[in-house]
Structure formats: C-alpha cells, structure tokens
Amino acid sequence: MKKINIGLIGFGNVGCGVVKILQQRKSLLARKIGIEIAIKKICDKDISSKRDVSIDPSMLTRDANEIINDPQIDIVVELMGGQTTAKEYISCALKKGKHVVTANKALLAECGRELFALAFERGKNIYFEASVGAGIPIIKSIKEGLVANKFKCIFGIVNGTSNYVLTQMEKENCSISSAISAAQKEGFAEKDPTLDIEGIDSAHKLVLLTYLAFGKIVSLKDIFIEGISHISLADINYAKELGYTIKLLAIAKKVADELEVMVYPAFLPCEHLLSSVDGIFNAIFLSSDLAGDLMFYGPGAGQLSAASAVVSDIVDLTQDIKAGLFRPTLNTVEDNSIKGLRKIGEFENKYYIRVMAVDKPGVLASISGILAKFGISIASVTQKEKLKSQVVPVIMITHYAKEKNLRTALKMIDKLADIKEKSVAIRIEGV
Ligand code: HSE
C-alpha cells in the first residue's frame, strides 16, 4: 500500500486531535482510501509536556526545518496559529514542494492572496477546511458539492463564543459581562475575548467564505466589522418581545453587481433557520441558485471536530497525490461580474431603533420629523411605559432605509434636549 508521510507543526489541542484520529482510525482510513497516512515528524516549541496521546519521542522536534526540509514528507500540517512564523513555514513548505493543510483563518484572511498565489505557482495546494466551522464541511461543500451554483448570499454564525454570550444573555437574562464571564468559566472564551466578541474572528472566516462563494478576495480592512460588546440586555429583551433574536452574523451578499461584506449583530426573525442556533454552535446559511437555501450546522470548535476537518483535508491531498492531480483550491481568476464592494453607508436595511426620550408631548413628533427628513419611514413604534421614570424607551422598526441616512438622523435625534441617552440602532436581517 502506498504510504504518504505528513509533518505536523503545532502539537496543541487540535494537533493532538489529529494525531489521535490518525492513530485510532489508521486502518479504517487505509481501507477507505487505499493509502497509509503516516505522521513522520511533529514540531512544537514545547515537546516536554505530557499530552493525551502516546507517540514515539524520536518523532518530536523543536525545529520546523526538520519537517520542511524532509524530502519524504509530502504534506505539512500547520496548526501552530499566529501569523509571522506560520506564514514563513507555509511559504517554505510550498517552495519545498509540499502541500499544506492549515486551520489558520487569521493568516489566510490577511495573507491568503499571496499564499494561494505561491501555492498555485508551485503546483501545490493549501487546504483549510478546519478554518471555518471546525468539523462542519462547509468549504468542501461550497467548492465541490455546490460547484455549479451561483450564490446570492451567505449568512454565517461562525463564532461560537459570541453566539454563546448572546444566547446566555437571552436565556439567563444577564448582562454581557456576566455572559462573557460564564463563557470564560466554561472554557469557551479566551481570557481576552476581543477577537471573538468584536467580530474579528468572524471576519477572518468571512474572507474565506466570500472567496469560495463569490470568487473575490476581500481585504479585512474592507469588511465592515461591528461586534457585540454594545448589545444590552434591554435590546435582547425587546427583540424577543418583537419576535426576533439577536445574532452576530457574518454576511456576504451580492446586490446588483456589487458585494456587501460585513460582520454585525442583527435582529433575525424567530422563524429564521439561524435564529435557533444557540450556544457555541455555528451555522452557515447559503442561498444558492440551483440547490436553493441550505444550512450547515454543528459545533464550531472543539479538538476532535477541528481535527476531523484537518484529517479530511489530509485525505483529499493524499488522493490528489496518488492520482497525480493538481486541483487548485482557489481559482486565481477572480469573478469580474462583481464590480466592487459596497460601502457601509450605501447598505439598505430595516432597523430596530431604541431612543430614550423624556415622556412629554411633542417628543415623538420631533423624532419622527427627523426620520422623515431623511426619508426613513417607520413601520411600527412602541413606547414602553415606565411608571417611575420620566425617560422612556421608544422602540421603532423602520422600513428599508439607507445606513448613512439612518446614522445622520440618529445623530440629530441624539442632540434633542429630550433625548437622554445615545440611541441604539440594530440592523434587521432575514426578512
Ligand atoms: N474562537 C472561535 C469561536 C473558535 O469562538 O468560534 C475557533 O475558530
């Protein structure tokens, strides 16, 4: 039986998972694919800590060059994370004629264009199934299962930490800081949860999904990114009363010949498929022209879930190697039917607005007057009576309005003497 050697750089949680699967499913995989996958070397800066897999200590090294320069290694699996060193190792591995598997979404989002071009030039491949939704086979599905489709939009809940926090706030009726503490206690959130909570991790994943679905490599700086740190329990509860739930969405939408690419918290109607995706789960909703609306759902993190995706990439590459195939993941020709990215100010949405106003005659008229001046039409309005307070929340749902008009109107509303707090506006999706 043909044997293909792999080298693993990064022996952390997911790396251990990959070793476990390749050890425990060795004969199953060999029977399925007709190839023996052998781990030849494992590199990590820490090779002394005990892990929950047993391996021959002679396989361990602190020097990644022992993998990159080994002519018997065909596939380099990069699971160390970070950017500068990981990029250097991946580039060197490609230059040395090796295929690469990685879960490093931050690196691919920042340097994907360069790394994919290098891989293409060298006739090698970079596979990255574990970088979005861990074990959910979303990348393979877009690339292969849905290859004949054109996509209208992608809506993804691709960050388990922020989804857990929003779910916790809704179910436990708690503030965002208690929800983040709960996520940290459970081991879901990092000590510094900024990347997850501020939508940056979702944006990294969105760059990859957008490329696969729309053939466009978008720079991170061109994505509108808003996290969930400003979402209050009050808004979660008003959303519930109005029949919505708040989710942090990573969205790519084709509108005419432009693409809208953004990460933001949005109201989703409770009957929308994504609204029932709770806790650390991820889901990606795709609207395609041939296969229709599809949703991919599952745990978005976890050792074996992510490792399952890494092993699937390794297996794909072994099949390519065996058949002498080169199937570049990314077509280097971008989709020219997309003329550009739409700027956030031009986006059109329905909005939920909460204005904290003094309860006296004429205040509502002043607010609606300003909205009317900017062409923003109100679909519904509710004033929440607060018996002990002079200041009451006025909750409005608008018809479709342009983002820049909405923001300018809100600035003017906030300058009114009877408005006592900064107003809140949250976009409504899925309607
Ligand atoms: N930090 C990510 C999340 C998991 O919370 O979903 C890894 O992609």
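The structure contained in this document is the topic of the report that follows. This structure is a prediction, so every number in the text was calculated from the model and none was measured.

Rules and cut-offs
- Residues numbered from 1 in each chain as written.
- Predicted model: local features only at pLDDT ≥ 70, side-chain atom pairs only at ≥ 80, totals over all residues.
- Heavy atoms only, no water.
- Phe/Tyr/Trp six-rings, centres within 6.5 Å; stacked < 30°, edge-to-face > 60°.
- Helix = DSSP H or I, 4+ residues; strand = E, 2+ residues; numbered from the N terminus.
- Near = heavy atom within 4 Å.
- Polar contact = N/O pair within 3.5 Å; in protein donor to acceptor, adjacent residues only side chain to side chain.
- Nonpolar A, V, L, I, M, F, W, Y, C, P; charged D, E, K, R; others polar.
- Core = buried A, V, L, I, M, F, W, Y, C linked by side-chain atoms within 4.5 Å.
- Buried < 20%, exposed > 50% of the residue type's maximum accessible area, 1.4 Å probe, protein only.
- Contact = heavy atoms within 4.5 Å.
- Salt bridge = Lys/Arg side-chain N within 4 Å of Asp/Glu carboxyl O.

1. Looking at the packing of aromatic side chains
Step number 1: Under the defined criterion, the tally for this structure stands at 8 aromatic pairs.
Step number 2: A centroid spacing of 5.6 Å and a plane angle of 50° characterise the contact between Phe 116 and Phe 128, whose relative ring orientation is tilted. A residue pair is termed long-range when its members are at least 10 positions apart, and Phe 116 in helix 5 (residues 105-122) and Phe 128 in the loop between strand 6 (126-127) and helix 6 (138-145) qualify at 12 residues.
Step number 3: Seen from their ring centres, Tyr 164 and Phe 188 are 5.0 Å apart, and the 65° between their planes marks the pair as edge-to-face.

2. Quick notes on the site of the ligand
Step number 1: Taken together, Lys 105, Asn 159, Gly 160, Thr 161, Asp 196, Asp 201, Lys 205 and Ala 301 make up the full set of residues adjacent to the ligand.
Step number 2: Between Gly 160 and the ligand, the recorded distance is 2.6 Å, taken from a backbone N or O atom to an oxygen atom.
Step number 3: When contributions to the shell around the ligand are tallied by element, the ones reaching two or more residues are helix 7 (160-172) and helix 10 (200-214).
Step number 4: Per-class residue counts for the shell around the ligand are 1 nonpolar, 3 polar and 4 charged.

3. Some points on the nonpolar core
Step number 1: Core analysis: the biggest nonpolar cluster contains 79 residues, and Ile 126, Ile 138, Val 165, Ile 223, Leu 286 and Tyr 352 have the highest contact counts within it.
Step number 2: Residues in contact with Tyr 352, not counting those within four places in the same chain, are Asp 235, Tyr 238, Leu 242, Phe 267, Ile 395, Met 396, Ile 397, Val 424, Ala 425, Ile 426 and Ile 428.
Step number 3: Counting residues in each nonpolar core, the second largest holds 31 residues, with Val 19, Ile 21, Val 77 and Val 311 among its members.

4. Quick word on the pattern of salt bridges
Step number 1: Considering all chains together, one arrives at 26 salt bridges under this definition.
Step number 2: Lys 140 is the partner of Glu 144 in a salt bridge, and the nearest nitrogen-oxygen pair spans 3.3 Å. Here Glu 144 and its partner Lys 140 are both found in helix 6, 4 residues apart, which amounts to about one turn of the helix.
Step number 3: Exposure remark for Glu 144: the relative accessible area of 30% places this residue in the partly exposed category.
Step number 4: Close ionic contact of Glu 403 with Arg 407 constitutes a salt bridge, the shortest N to O distance being 2.8 Å. Of this pair, Glu 403 and Arg 407 are both found in helix 14 (residues 403-414), 4 residues apart, which corresponds to roughly one turn of the helix.
Step number 5: Salt bridges linked by common partners bring Lys 140, Glu 144, Asp 316, Asp 320 and Arg 327 together as one network.

5. Some thoughts on the environment of Ala 179
Step number 1: Following the sequence through the fold, Ala 179 ends up in helix 8 (residues 176-185).
Step number 2: Ala 179 sits 171 residues away from Leu 8 along the chain, and the two C-alpha atoms are 36 Å apart.

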